[in-house]
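If you want the building blocks of each chain, they are given just below.
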Amino acid sequence: MRIEGTELFVGDRQVVRVDGVSGTVEVRGDGVAGRAEGDGLVEVPVAVDRPPGTVVPIEVTAGGATGRGELVVAEPGWTVWMVSHFHYDPVWWSTQAAYTATWGAPGQTGTEFRGDYQRTGFELVRLHLETARLYPEYKFVLAELDYLKPYWDSRPQERAYIRRLLREGRLELVGGTYNEPNTNLTLAETTIRNFRYGIGFQRDVVGGDPRTAWQLDAFGHDPNFPGLAAAAGLDSSSWARGPFHQWGPMLSTYTPGERGWGDPSTMQFAAEFEWLSPNGLGVLTHYMPAHYGAGWHIDAQPTLAAAEENVYRLFLLLKKVARTRNVLLPVGTDYSPPAKWVVDIHRDWNARYTWPRFVCGLPREFFAAVREQADGFAPQTRDMNPIYTGKDVSFIDTKQAQRHAEALLTDAEMFATLAALDGGPYPHEEVDLAWRQLVFGAHHDGITGSESDQVYLDLLTGWREAHDLAGRVLDRSLAALCEALPSSTGDGRRIVVFNPTAWTRSDVVRVRVEFPTPGTTGVGLGGAPVLVEHAERHPDGSLSTVDVVFRAEDVPPVGYRAWPLTA
């Protein structure tokens, strides 16, 4: 006979599994007793009068045979929250059009990288909604606007049903962001816009209540990210990559005999912790030790029993690093439809066992249960970034384009606001489009340079458009502000220097100046020292176009100074 002490409970009795027996099976030990009838694999509920963690030698008798084993006294009350999801990249090896709607079509680029089970974003949303229609126990999450907004816009007939699922607590919109950005390669302002666009659509358009920054696949985070998430109104986050390895401790340290999973005990802290920014703001965070595809393995199991055993074995590992008696098991992976066993597990397992419960759940339910059971969480303030150096140097021009466009657009938006306060029109559409291009490009398979060449070429047009839009808005805004300034003296020409920073600044300025009429032989700036370079001349030798270079002293913060230009 084979004897296995389990952590299963039927009522208040712990289960001992005995295989290879028939008839009456009796289990005895110090403070342990129980019996059951069966044939083959028999589960014997036993009463236990010992504290959790105690190792109790047990003796099993069945049909005249005797066997010995041991039972580790378990703790009841555990719940495995099976969160159905799919991870979606708007760009990666293929394009947004392919991943959203056309992936798998004849001749489609990137089809060779598609698994048999994988579907497009539109098809995935439809399949998860259909599963919810068929099974009232089914719950799932939706996230990135890259597929959610196009689906919402093009499927108006589904809007009422989506809102109904949200009201019933069977669907949760997670992320609170436009996509899953790589925030350690972009400015904080772009992260803020990612939250604004994400929450603005998920909450104010669809009617959800995003609470969890669902950043499954991002290759690390700006240390300020949890503070920005908290300031945006989120109270939790969950992600998979780093801080130990790109695939996490259970996939990077596994050894043969562990069914492909390593021991998460190598982690230095619990899977749930308070992730804090340098400013002290933060969010309760769950790190996924077995990565975001951990629960998807149930889909490949041939039977319900095998799928349940898979979840149970994962539970035994994941509970080692859980802060409370709650385990989050993400059931899904890249472009994955609903897992075929997840509802059956919810129904069958809980009908047979009291603990641990395996339930279809949502992140908000998991975090609520964690908060209810914990009396506090360890703070973590480190940069949660795996060793992924290639992303910082691949396609370096995309990093430079993103940063340059971000800075240009931030200045353009600020000065456009000042110009609008002076009575001019505000360029809503141009600013909005430019930020959306930058937010889209900040995706963790965009700005990182991990995409295919076709995607790289497509993304370049977005960065170029953001840059050009920002440049035009800035030029118009500064021209409008100049026109509103008090009139100048002399011939009326002047050089106006604007300072977009929050501190008084002195720096070198270069301005290209034209003199259409011949006769100018030199340039003055109200007594300021001037360097004249790169001159072009009229036929008579006088200046026609020239670079005027000078040091602009003490330009006030978010302000300007004007220097009279004399020819």
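Cut-offs used in this document
- Residues numbered from 1 in each chain as written.
- Predicted model: local features only at pLDDT ≥ 70, side-chain atom pairs only at ≥ 80, totals over all residues.
- Heavy atoms only, no water.
- Helix = DSSP H or I, 4+ residues; strand = E, 2+ residues; numbered from the N terminus.
- Rg over C-alpha atoms; globule rule 2.2 N^0.38 Å.
- Buried < 20%, exposed > 50% of the residue type's maximum accessible area, 1.4 Å probe, protein only.
- Salt bridge = Lys/Arg side-chain N within 4 Å of Asp/Glu carboxyl O.
- Pairing = 2+ DSSP bridges.
- Contact = heavy atoms within 4.5 Å.
- Axes fitted to C-alpha atoms, helices over the stretch in contact; angles between N-to-C directions.
- Phe/Tyr/Trp six-rings, centres within 6.5 Å; stacked < 30°, edge-to-face > 60°.
- Left-handed = near helix turned anticlockwise from the far one by under 90°.
- Nonpolar A, V, L, I, M, F, W, Y, C, P; charged D, E, K, R; others polar.
- Core = buried A, V, L, I, M, F, W, Y, C linked by side-chain atoms within 4.5 Å.
- Patch = residues over 30% accessible without salt bridge, like charges linked within 9 Å, V, L, I, M, F, W, Y side chains within 5 Å.
- Areas by Shrake-Rupley, 256 points an atom, 1.4 Å probe, with all protein chains shown as cover.
- Arc of directions from axis to C-beta.
- Parallel < 35°, antiparallel > 145°, perpendicular 65-115°, else oblique.

**A short note on the overall build of the protein**
Next, step 1: Scanning the protein from N- to C-terminus turns up 13 helices and 20 strands.
Next, step 2: Whereas a compact globule of 567 residues would reach a radius of gyration of roughly 24 Å, the protein reaches 31 Å, over 25% beyond that.
Next, step 3: With the principal axes as the frame, the protein shows a C-alpha extent of 120 × 50 × 40 Å.
Next, step 4: Within the protein, the fraction of its 567 residues that count as buried is 50%.

**Brief notes about the pattern of salt bridges**
Next, step 1: For the coordinates displayed, the defined rule picks out 45 salt bridges.
Next, step 2: Close ionic contact of Arg 133 with Glu 158 constitutes a salt bridge, the shortest N to O distance being 2.7 Å. Here Arg 133, found in helix H2 (residues 121-134), pairs with Glu 158, found in the loop between helix H3 (145-154) and helix H4 (159-168); they are 25 residues apart in sequence, far enough to count as distant.
Next, step 3: Close ionic contact of Arg 313 with Glu 309 constitutes a salt bridge, the shortest N to O distance being 2.7 Å. Pair noted here: Arg 313 and Glu 309 are both in helix H8 (residues 304-318), with a separation of 4 residues, about one helical turn.
Next, step 4: Judged by its relative accessible area of 23%, Arg 313 falls in the partly exposed class.
Next, step 5: The buried category is assigned to Glu 309, whose relative accessible area is 19%.
Next, step 6: Several salt bridges converge on common partners, so that one network encompasses Arg 2, Glu 4, Arg 17, Asp 19, Glu 43, Glu 309 and Arg 313.

**Description of the sheet that holds strand S15 (residues 379-380)**
Next, step 1: If you trace the 5 strands from one edge of the open sheet to the other, you get S9-S10-S12-S11-S15, paired in mixed fashion. Strands at the two margins of the open sheet, each flanked by one partner only, are strand S9 (212-214) and S15.
Next, step 2: Across 2 bridges, the pairing between strand S11 (residues 272-276) and S15 is parallel. Pairing of Trp 275 across the sheet is with Gln 380, part of S15.
Next, step 3: Sitting on the sheet, helix H10 (residues 363-373) touches S9, strand S10 (236-239), S11 and strand S12 (282-287), and the angle it makes with S12 is about 105°.

**A closer look at the packing of aromatic side chains**
Next, step 1: Within this structure, the stated rule accounts for 27 aromatic pairs.
Next, step 2: Between Tyr 88 and Tyr 147 the ring centres are 5.0 Å apart and the planes differ by 75°, which places this aromatic pair in the edge-to-face class. Separated by 59 residues along the polypeptide, Tyr 88 in the loop between strand S6 (79-84) and helix H1 (96-102) and Tyr 147 in helix H3 bring together distant segments of the chain. In terms of burial, Tyr 88 and Tyr 147 fall into one category: buried.

**A short note on the environment of Leu 481**
Next, step 1: Take Leu 481: it is sitting in helix H13 (residues 453-483).
Next, step 2: Judged by relative accessible area, Leu 481 falls into the buried class, the value being 11%.
Next, step 3: For the pair Leu 481 and Tyr 560, spaced 79 residues apart in sequence, the C-alpha separation works out to 9.9 Å.
Next, step 4: For Leu 481, the contacting residues outside a window of four places in its chain are Phe 415, Leu 418, Ala 419, Asp 422 and Phe 498.

**Remarks on the packing of helix H12 (residues 428-441) against H13**
Next, step 1: Their axes nearest at 9 Å, the elements H12 and H13 cross at an angle of 145°. The chirality of how H12 crosses H13 is left-handed. Judged by residue contacts, Glu 430, Val 431, Leu 433, Ala 434, Gln 437, Leu 438, Phe 440 and Gly 441 of H12 engage Leu 459, Gly 462, Trp 463, Glu 465, Ala 466, Leu 469, Arg 472, Val 473 and Arg 476 from H13.
Next, step 2: Partitioned by chemical class, the residues of the contact of H12 with H13 number 10 nonpolar, 3 polar and 4 charged.

**Re the nonpolar core**
Next, step 1: By size, the foremost hydrophobic cluster in this structure holds 106 residues, and its most contacted members are Met 82, Leu 142, Ile 298, Leu 329 and Ile 345.
Next, step 2: Among residues more than four places away in sequence, those in contact with Ile 298 are Ala 307, Asn 310, Val 311, Val 331, Ala 339, Trp 341, Val 342 and Ile 345.
Next, step 3: Counting residues in each nonpolar core, the second largest holds 17 residues, with Trp 239, Phe 269, Phe 273 and Val 283 among its members.

**Here's the deal with the environment of Gly 282**
Next, step 1: If you trace the backbone, Gly 282 turns up in strand S12.
Next, step 2: Sequence separation between Gly 282 and Val 16 is 266 residues, and the spatial gap between their C-alpha atoms is 43 Å.
Next, step 3: When near neighbours in sequence (up to four residues on either side) are disregarded, Gly 282 contacts Pro 226, Gly 227, Ala 230, Glu 274, Trp 275 and Leu 276.

**Re unusual backbone geometry**
Glycine aside, a negative phi is what most residues show, and trans is what most peptide bonds show.
Next, step 1: A cis amide bond links Trp 355 to the next residue, Pro 356, at an omega of -15°.
Next, step 2: With a phi angle near 70°, His 291 is a residue other than glycine that sits in the positive phi range.
Next, step 3: Judged by its relative accessible area of 4%, His 291 falls in the buried class.
Next, step 4: One non-glycine residue, Tyr 335, lies in the positive phi region at around 55°.

**Quick word on a nonpolar patch on the surface**
Next, step 1: Where nonpolar side chains cluster on the molecular surface, the patch consists of Leu 418, Leu 421 and Val 558 and spans about 270 Å² of accessible area.
Next, step 2: Locating Val 558 in the fold gives a position in the loop between strand S19 (543-555) and strand S20 (559-564).
Next, step 3: Using a relative accessible area of 38% as the deciding quantity, one classes Val 558 as partly exposed.

**Side note on the sheet that holds strand S17 (residues 505-514)**
Next, step 1: If you trace the 3 strands from one edge of the open sheet to the other, you get S17-S19-S18, paired in antiparallel fashion. Looking at which strands have only one partner, the edges of the open sheet turn out to be S17 and strand S18 (531-537). For this sheet, the mean inter-axis angle between neighbouring strands, taken without regard to orientation, is 20°.
Next, step 2: Judged from the 9 bridges that link them, S17 and S19 form a sheet pairing that is antiparallel. The residue bridging Arg 505 from the neighbouring strand is Val 555, located in S19.

**Concerning H4**
Next, step 1: The complete set of buried residues in H4 reads Tyr 161, Ile 162, Leu 165 and Leu 166. Projection of H4 onto a plane perpendicular to its axis shows the buried side chains occupying an angular sector of 145°, all on one side. Opposite its buried face, H4 presents the exposed residues Ala 160 and Arg 167, each directed more than 90 degrees away.
Next, step 2: Of the residues trailing H4, Gly 169 is marked for its positive phi of about 75°.

**Quick word on the packing of H8 against helix H9 (residues 342-352)**
Next, step 1: Between H8 and H9, the least distance of the axes is 10 Å, while the angle of their chain directions is 80°. Taken together, H8 and H9 sit at an angle that is classed as roughly perpendicular. On H9, the residues touching Leu 304, Ala 307, Glu 308, Val 311 and Tyr 312 of H8 are Asp 344, Ile 345, Asp 348, Trp 349 and Arg 352.
Next, step 2: Residues belonging to the contact of H8 with H9 are distributed by class as follows: 6 nonpolar, no polar and 4 charged.

**A few points about the side chain of Gln 380**
Next, step 1: Within the secondary structure, Gln 380 sits in strand S15.
Next, step 2: Apart from the residues lying within four places of it in its own chain, the contact partners of Gln 380 are Phe 269, Phe 273, Glu 274, Trp 275 and Leu 276.

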